[in-house]
Amino acid sequence: MKLKDALAAFLSVDRSDETHRTYERFLTRFANAIGSERSLDRITEADIGEFIHNMRHQKIKYEGHERRPVVEEPLSPATIYKNIKMIKSFFKWCVKKEYLEKSPAEEVSNRRPTRPLGQGKAATDKEVSKLLEAARFKPRDFAIVQLLAQSGCRAGEAASLKIRDLDLENNEAYVDGKGDIRRVIYFDPGTTEILRAWLAVRPRANHDFVFTSVRDNHAPLSPWAVSNIIRRLCRTA
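Residues numbered from 1 in each chain as written. Predicted model: local features only at pLDDT ≥ 70, side-chain atom pairs only at ≥ 80, totals over all residues. Heavy atoms only, no water.

Chemist: Could you clarify how one ought to interpret the overall build of the chain in this entry?
Modeler: Secondary structure assignment for the chain yields 9 helices and 3 strands. Put simply, the chain runs from its N terminus to its C terminus through helices and strands in the order α-α-α-α-α-α-α-β-β-β-α-α. Viewed in the frame of its principal axes, the chain has a C-alpha envelope of about 60 × 35 × 30 Å. Relative to its 237 residues, the chain shows a buried fraction of 35%. Pairs at least 24 residues apart make up 56% of the contacts formed inside the chain by residues separated by at least 6 positions. In the structure as shown, the chain presents an accessible area of about 14,800 Å², 49% of it carried by carbon and sulfur atoms. Between the centroid of the 42 positive side chains of the chain and the centroid of its 33 negative side chains there is a distance of 3 Å. (Helix = DSSP H or I, 4+ residues; strand = E, 2+ residues; numbered from the N terminus. Buried < 20%, exposed > 50% of the residue type's maximum accessible area, 1.4 Å probe, protein only. Contact = heavy atoms within 4.5 Å. Areas by Shrake-Rupley, 256 points an atom, 1.4 Å probe, with all protein chains shown as cover. Lys, Arg positive; Asp, Glu negative; His and termini not counted. Charge placed at Lys NZ, Arg CZ, Asp CG, Glu CD.)

Chemist: Explain the packing of helix α6 (residues 139-151) against helix α8 (residues 189-201) here, please?
Modeler: What describes two packed helices is the angle between their axes and the distance between those same axes. Following both chains from N to C, one finds α6 and α8 inclined at 150°, their axes separated by 9 Å at the closest point. Relative to α8, α6 is oriented roughly antiparallel. By crossing handedness, the relation of α6 to α8 is classed as left-handed. Residues P139, R140, F142, A143, Q146, L147 and Q150 of α6 lie in contact with α8, whose contacting residues are T191, I194, L195, W198 and V201. The class makeup of the residues in the contact of α6 with α8 is 8 nonpolar, 3 polar and 1 charged. (Axes fitted to C-alpha atoms, helices over the stretch in contact; angles between N-to-C directions. Parallel < 35°, antiparallel > 145°, perpendicular 65-115°, else oblique. Left-handed = near helix turned anticlockwise from the far one by under 90°. Nonpolar A, V, L, I, M, F, W, Y, C, P; charged D, E, K, R; others polar.)

Chemist: Sorry, what's going on with the packing of α6 against helix α9 (residues 223-236) here?
Modeler: Viewed as axis vectors pointing N to C, α6 and α9 meet at an angle of 100°, and their least axial separation amounts to 11 Å. The angle between the axes of α6 and α9 places the two elements in the roughly perpendicular class. Touching R140, D141, I144, V145 and L148 of α6 are V226, I229, I230, R232 and L233, all from α9. Looking at side-chain class alone, the contact of α6 with α9 contains 7 nonpolar, no polar and 3 charged residues.

Chemist: I'm lost on the pairing of strand β2 (residues 172-176) in this one. Help?
Modeler: Within a regular strand, side chains alternate between the sheet's two faces. Judged from the 2 bridges that link them, strand β1 (residues 166-167) and β2 form a sheet pairing that is antiparallel. Each bridged residue has a counterpart across the sheet, and for D167 the counterpart in β2 is E172. Between β1 and β2, which pair antiparallel and follow one another directly, the connecting turn spans 4 residues, one of which, N171, has a positive phi of 55°. As judged from the 5 bridges shared by β2 and strand β3 (residues 182-186), these two strands associate in the antiparallel manner. Considered in β3, the bridge of E172 is made with Y186. (Pairing = 2+ DSSP bridges.)

Structure below.
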């Protein structure tokens, strides 16, 4: 079996839209780099190692990304970790489907990057306050920042949140989490009031999603759109 055929089969597995796009974008680039026409069983650990070496030393990122402009800077350790994890997952799946006897990526090292103490990924209270200040005249964006900060939900969970799944009397909501796992998120009464304020001015739309776009007939927001709102508010702050 050729690498491109195995990849096509892998990408046909049912996943969320965002996960599918991520796998397709990166693994297609990986396959093209090492030879998509090659026989799957001819790919070696050395081939993968060379690709990873080149990835660690590349000077640009977001090349070929449909939504982000190319940036002249190296990939972050977190991105490299995620990309190697996708390679390992793909070949592990090939073994499971009996396309291969053994994964050529099985012995490839992929140590999770660590952050120095005090340099965690979470925003500080001061940073959240600045974001809220930047969004103070935008009820939708203000509600999104407050909900993310108070509940700890993911961008995708905020995007998929529906009005019927809000329980504002009890300061909670049901969301569809990663892996389509349904769970409850909790927030404080202040967040509830901010959500009520947004819902009071939310445009009429032909869907039940809490957060809508300002264009495109008020379509539901995508996870990327939620993340982009935060990026835009960061620049404003």
